[in-house]
Amino acid sequence: MPTYNRAKDLEDCLDSLFIQTVLPFEIIVVDNADNLETEKLINEKYIRNTNQISVKYIKNGKLNSANIARNIGADNSFGDFLLFLDDDIVLDPNFIEEIINVFQQYPQAAGVQGYIKNRMMSPLSNFVEKLFFLNYSLKNHNKLLPSMQDVHADPLTEVIRCQWLMAGCTCYKKSIFHNFRFDNNLFKYCSGDDADISYRIYKMHPHSLYQTPYATLIHKVSDKGRPSSKEVIITGQVYHTYLFFKNIDQNFRNKLIFVWSRIGLIITKMGVFVLHPSINNFSQIKCLIEAYVYCIHNIGNLKKGEIKFYTGILK
């Protein structure tokens, strides 16, 4: 479990693990923070005061990256299954039990994700997002679009096969990490990291990824520990362009869809500004245009899979 300056959110997440109907064998927290608050919490509340579960705390001495932290956790783990959780989620008590049920029902499964029960999108927003190949919801349907955006299975009423899995509530067989890793080139706000590793797994093992509606959780989407809005926008566009060239077939149709989605994103931002004019909403449009210009200027590097020109300036 990677974490960054979210001690209270992390505590809520860990507490939900300790009340599972099936307890995990171990919990590994990999701390990207630049302070001692998380370390103090883990030592005083969990390591010293519990013998139910083995709890390990690892300070990530490398760069601040959720992906690097996840790989560190995987390398230091025991057991045959790795449950990756974000630090701002809260599991329902039967989450792990229901994940295990899917692995037992589908022996070929390499990864299984839970279901976020508090995810909401208005019908109008969903229609607009679908029009522009952005993130949208569809009942019992999971897909990665050529725009490197996601179709979320929502509502979800049955166990389904998937093309991509969320990083923050997914369990993988550890054996899959002999051939696949989270991309260590992505630092800080690792936008698209979950689609990247899971879609690579899907392409090699097309019928191995699943989602169950019975392993439910709440995603609080904490605002703690997040970069500035400008950095989130620019990072998102740089990473998604990099991952588009890395993972998506480079034919004319897919390139057209990717460009159309970028046009659609800025149109939706403009629509939000018209409906709700504010300095913040205007600033988001400005940052998005800046991000597009930056990506176009560095398109040669992104096509070659070189991203250090950007990650090298992240602090």
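In this report, the structure presented in the accompanying data block is examined. A quick note: this is a predicted structure, and the numbers were derived from the prediction, not measured.

Conventions and cut-offs
Each chain carries its own residue numbering, running from 1 in the direction its sequence is written. Residue-level local features of this predicted model are given only where pLDDT is at least 70; pairs of side-chain atoms are given and counted only at 80 or more, and the full residue set underlies all totals for whole chains, interfaces and linings. As a rule here, side-chain values come from all non-hydrogen atoms in the structure, and water together with hydrogens is ignored. Throughout, disulfides are identified as pairs of cysteine sulfur atoms within 2.5 Å of each other. For every residue, the accessible area (1.4 Å probe, protein chains only) is compared with the maximum for its type, and the residue is labelled buried under 20%, exposed over 50%, or partly exposed between those bounds. Lines fitted to the C-alpha atoms define the axes, with helices restricted to the stretch that makes contact. Angles between their N-to-C directions range from 0 to 180 degrees. By the criteria applied, helices consist of DSSP H or I runs no shorter than four residues and strands consist of E runs no shorter than two, each listed in order from the N terminus. Oblique is the label for any angle not under 35 degrees, not over 145, and not in the 65 to 115 range, which are roughly parallel, roughly antiparallel and roughly perpendicular in turn. We call two residues in contact when some of their heavy atoms are within 4.5 Å. Residue type decides the class: Asp, Glu, Lys and Arg count as charged, Ala, Val, Leu, Ile, Met, Phe, Trp, Tyr, Cys and Pro as nonpolar, and the leftover types, Gly among them, as polar. For the purposes of these results, a polar contact is taken to be a pair of N or O atoms within 3.5 Å, where, inside protein, one atom must be able to donate a hydrogen and its partner to accept one; residues adjacent in sequence count only when each atom of the pair is a side-chain atom. Each C-beta atom gives one direction from the helix axis, and the arc is the one those directions make. Think of it this way: DSSP has to see at least two bridges between two strands before they count as a pair.

## A few points about the state of the cysteines
Point 1. Applying the stated criterion across every chain, the model contains zero disulfides.
Point 2. Not engaged in a disulfide, the cysteine C169 finds its nearest cysteine sulfur in C162; these two sulfurs lie 10 Å apart.
Point 3. In this structure C169 comes out as buried when scored by relative accessible area, which is 2%.

## Digging into the packing of helix α7 (residues 229-247) against helix α8 (residues 252-275)
When two helices pack together, their arrangement is captured by the angle between the axes and the distance separating the axes.
Point 1. At a closest axis distance of 12 Å, the pairing of α7 and α8 adopts a crossing angle of 170°. Put simply, α7 runs roughly antiparallel to α8. On α8, the residues touching Q237, H240, T241 and F244 of α7 are N254, K255, F258, R262 and L265.
Point 2. Tallied by class, residues from the contact of α7 with α8 come to three nonpolar, four polar and two charged.

## Considerations on the side chain of E26
Point 1. By the element assignment, E26 lies in strand β2 (residues 26-31).
Point 2. Only 3.2 Å separates the side chain of E26 from the side chain of K56, close enough to count as a polar contact.
Point 3. Looking at E26, its side chain comes within polar contact range of the main-chain nitrogen of F78, at 2.6 Å.
Point 4. Beyond its immediate stretch of four places on either side in the chain, E26 contacts I53, S54, K56, S77 and F78.

## Structural notes on helix α4 (residues 95-105)
Each full turn of the α-helix corresponds to 3.6 residues, which orients residues three or four apart in the same direction.
Point 1. Taken residue by residue, α4 has F95, I96, E98, I99, V102 and F103 as its buried positions. End-on view of α4: buried residues confined to an arc of 165°, all on one side of the axis. Facing away from the buried side of α4 by more than 90 degrees, the exposed set consists of Q104 and Q105.
Point 2. For α4, the secondary structure elements touched by its buried residues are α1 (7-17), β4 (81-85), β5 (89-91), β6 (111-116), β11 (169-173) and β12 (209-219).

## Topic: the pairing of β11
Point 1. The buried fraction of β11 amounts to four of the five residues, a majority that puts the element mostly inside the structure.
Point 2. Where β4 lies against β11, five bridges are found, and the strand directions are antiparallel. Looking across to β11, one finds that F84 is bridged to T170.
Point 3. Relative to β11, β6 runs antiparallel, the two sharing three bridges. Paired with G111 across the bridge in β11 is Y172.

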